[in-house]
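Structure at a glance
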Amino acid sequence: MSEDTVLLTVEDTVATVTLNHPATRNALSLELMRALISTFRELGGRPDVHAIVLAAAGHVFSSGHDLKEVSAADHAGQQEIFDTCSELMLLIQEIPQPVIARVQGVATAAGCQLVATCDLAVASREARFGTPGVRIGLFCSTPMVALSRAVDRKTAMRMLLTGDMLSAEQALARGLVSDVADAAELESAAAALAAQVAQASSATVAIGKRAFYEQIHLPTAEAYARMSTVMADNAGMPDAREGIDAFLTKREPQWQHRQ
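Take the nonpolar core next. One finds Phe40, Leu54 and Phe129 to be the most contacted residues of the largest nonpolar core, which totals 53 residues. Looking at this core, the element that brings in the most residues is helix 1 (residues 30-44), giving 7 residues. Val14, Ala51, Ala181 and Leu193 belong to the second-largest nonpolar core, a separate cluster that totals 12 residues.

Below, the structure written as structure tokens:
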């Protein structure tokens, strides 16, 4: 692979991260995953970036792990591959900026996991999603983590046990993606969604993203107790005070983008 396995551009306050190895159907090799980890870590520390679009070059979003690499590795090497993938998925949800997948073609196995991990996802109407590992004797156990947290259990199990693909419309109905657009409008639809997200106070969005993943699996009473504290802390922030005053005085807020 070349040094440009991952491309990064920043326009205004929106970054676009592009998987750039269409020759392998953007397979998530160790090299590609490490490049993504490095890129997301960099972006996570950039206050000038308020939203991130995760895109892919070519006709396929991502075909999942590089099976040639997995097959050639010994047990320690295989463990490294799957540990690195888990590190990447956790990082995407740990950074303060919302990450929006822009999906064309197919997203299978770890590629489907990548879509399920992102905070939002805009799919082309032609996109398809699947976890077909069971068909080759390698159950999609790590993709299952993200998939089972994005869709209902029966949908997840059916995908995992059969390897059948979901259409974009099915993925939308089941919560795997947040938006569907015509192929010709995919890029503009993802850009518009990212711009809308980036309009808000980045400090407020960062609090909200972190809080969402913190509370989602807590018992209800514990979640309310924890989120009451988070919201009280949020209410004392400069951007919250500015936003409330702007709403009450019917003017546009001037965000400081700081906690």
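Here the narrative resumes, following the displayed structure.
Attention now moves to the sheet that holds strand 5 (residues 106-108). If you trace the 3 strands from one edge of the open sheet to the other, you get 5-7-8, paired in mixed fashion. The open sheet is flanked by strand 5 and strand 8 (166-167), the only strands paired with a single partner. Note that strand 7 (residues 128-130) and strand 8 share 2 bridges and pair antiparallel. Looking across to strand 8, one finds that phenylalanine 129 is bridged to leucine 166. Together, strand 5 and strand 7 form the strand contacts of helix 4 (residues 110-117), whose direction differs from that of strand 5 by roughly 100°.

Moving on, we come to the environment of threonine 13. Mapped onto the elements of the fold, threonine 13 is located in the loop between strand 1 (6-11) and strand 2 (14-19). Taking the relative accessible area as the measure of exposure, threonine 13 reaches 25% and is therefore partly exposed. Measuring from C-alpha to C-alpha, the distance between threonine 13 and proline 47 comes to 8.9 Å, with 34 residues separating the pair along the chain. Beyond its immediate sequence surroundings of up to four residues, threonine 13 is in contact with Asp48, Val49, His50, Ala51 and Ala198.

What counts and how
Residues numbered from 1 in each chain as written. Predicted model: local features only at pLDDT ≥ 70, side-chain atom pairs only at ≥ 80, totals over all residues. Heavy atoms only, no water. Core = buried A, V, L, I, M, F, W, Y, C linked by side-chain atoms within 4.5 Å. Buried < 20%, exposed > 50% of the residue type's maximum accessible area, 1.4 Å probe, protein only. Helix = DSSP H or I, 4+ residues; strand = E, 2+ residues; numbered from the N terminus. Pairing = 2+ DSSP bridges. Contact = heavy atoms within 4.5 Å. Axes fitted to C-alpha atoms, helices over the stretch in contact; angles between N-to-C directions.

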